[in-house]
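Structural overview
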Amino acid sequence: MIFNQRISMSDASPVLLTPDVVGGLAGKRVLVVGDIMLDAYLIGDADRISPEAPVPVVRIEKERYLLGGAGNVARNIVALGGVATLAGVMGKDASADRIRGLVRDEGICGAFVALPQRPTTVKTRVMARRQQMLRLDSEDASPLSSADQEALLSVITEQLPAHDVVILSDYSKGIVSLSFMSRLRGLLAASPHQVKILIDPKPSNVGLYGGSFLLTPNTKETGECAGMPVRDREEILAAGRAILEKVGCPHLLTTLGSDGMALFSGPSEVWHVPTMAQDVFDEKKSFPDIYLSCGEQDGLYEDNVKFDTFLTTLGAKHRFDHRAGAHSWRFWNDSVEECFGYFLGK
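In short, a report on the structure. (Residues numbered from 1 in each chain as written. Predicted model: local features only at pLDDT ≥ 70, side-chain atom pairs only at ≥ 80, totals over all residues. Heavy atoms only, no water.)

1. Regarding the side chain of Asn-218
Within the fold, Asn-218 resides in the loop between strand S11 (214-215) and helix H6 (219-226). Residue Asn-218 is classed as buried on the basis of its relative accessible area, which comes to 8%. From its side chain, Asn-218 meets the backbone nitrogen of Lys-220 in a polar contact 3.3 Å long. A distance of 2.8 Å separates a polar atom in the side chain of Asn-218 from the backbone nitrogen of Glu-221. (Helix = DSSP H or I, 4+ residues; strand = E, 2+ residues; numbered from the N terminus. Buried < 20%, exposed > 50% of the residue type's maximum accessible area, 1.4 Å probe, protein only. Polar contact = N/O pair within 3.5 Å; in protein donor to acceptor, adjacent residues only side chain to side chain.)

What follows is the structure in structure tokens.
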């Protein structure tokens, strides 16, 4: 699947984005709203088949726990120097306690609604020899009750004035609904300062995302959101344009797995760059990934995209080593810079 680097080019002069400007993210406040979950990894070895059934026996050697869903988004914001507040619902159980501990350890501000009747969402992956053998999900994905929704909206109302942007991470676990999105848009419209909303979408809810600034579906979700096939370049372009028209948002970032990402800044303006192959199982390597990684931490993540890859996708020309701060970036389009620039307070 091949795209041009710039399908449409603006007449605007190149905009230089230096490491100092990237550092402008430091201190910017991002409110992450969405489905919070715990990613549990049971890691070991498998060298024999069970005598009880034709399945491998995994001898667990260690366990790891990471923030998943909206929590992973908040973690990535902090990794980039921003200030993240995580708002959502959890149960009153050991998994919720573990999430609170991880939130504190990661330097994230927590704004949670505890629901004793609702279990905390946990995705448990059994890993052997760097391969995922099995995933076990514990969750209640039913819609929030009116009272629980009001409690969450109250938390968002309290947090909104102190934040520059809202990211909605929708895993279809019960938070996003017609009434919730209507109320959320009302809160954003009533804010004394402009607050843009970025959405990691779920195709089943695409009709609810009106008023958003940016959607970030992966390839499969792009096709499902548009109700169109996405087997090649032209079909992805058509599907992306269809989503822009359906939702009415100015920007769409479609992740394309091993083919990188495509950024739509209008129906006739699309940017693309291939991604870099990487071993994404080790969470230490994936830690700097930007929130736009739309996808689940499944041992082999389709959409985990490192920060430098994200910048390249936005049209930048040079590799930026965010550890050494060695290179500069050039953007060739004003709307592309806008899509990233407001994160930097520009």
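2. Overview of the pairing of strand S4 (residues 56-69)
Bridging between strand S3 (residues 36-49) and S4 involves 13 bridges; their strand directions are antiparallel. Note that in S4 the partner of Asp-45 across the bridge is Arg-59. Connecting S3 to the next strand, S4, in antiparallel fashion are six residues. (Pairing = 2+ DSSP bridges.)

3. Focus: the pattern of salt bridges
Within the structure shown, the criterion is met by 10 salt bridges. Close ionic contact of Arg-59 with Asp-47 constitutes a salt bridge, the shortest N to O distance being 3.9 Å. Of this pair, Arg-59 sits in strand S4 while Asp-47 sits in strand S3, placing them 12 residues apart in sequence. Looking at Arg-59, the relative accessible area reads 43%, which means it is partly exposed. Since its relative accessible area comes to 51%, Asp-47 is described here as exposed. Through salt bridges with shared partners, a single ionic network connects Asp-47, Arg-59 and Glu-61. (Salt bridge = Lys/Arg side-chain N within 4 Å of Asp/Glu carboxyl O.)

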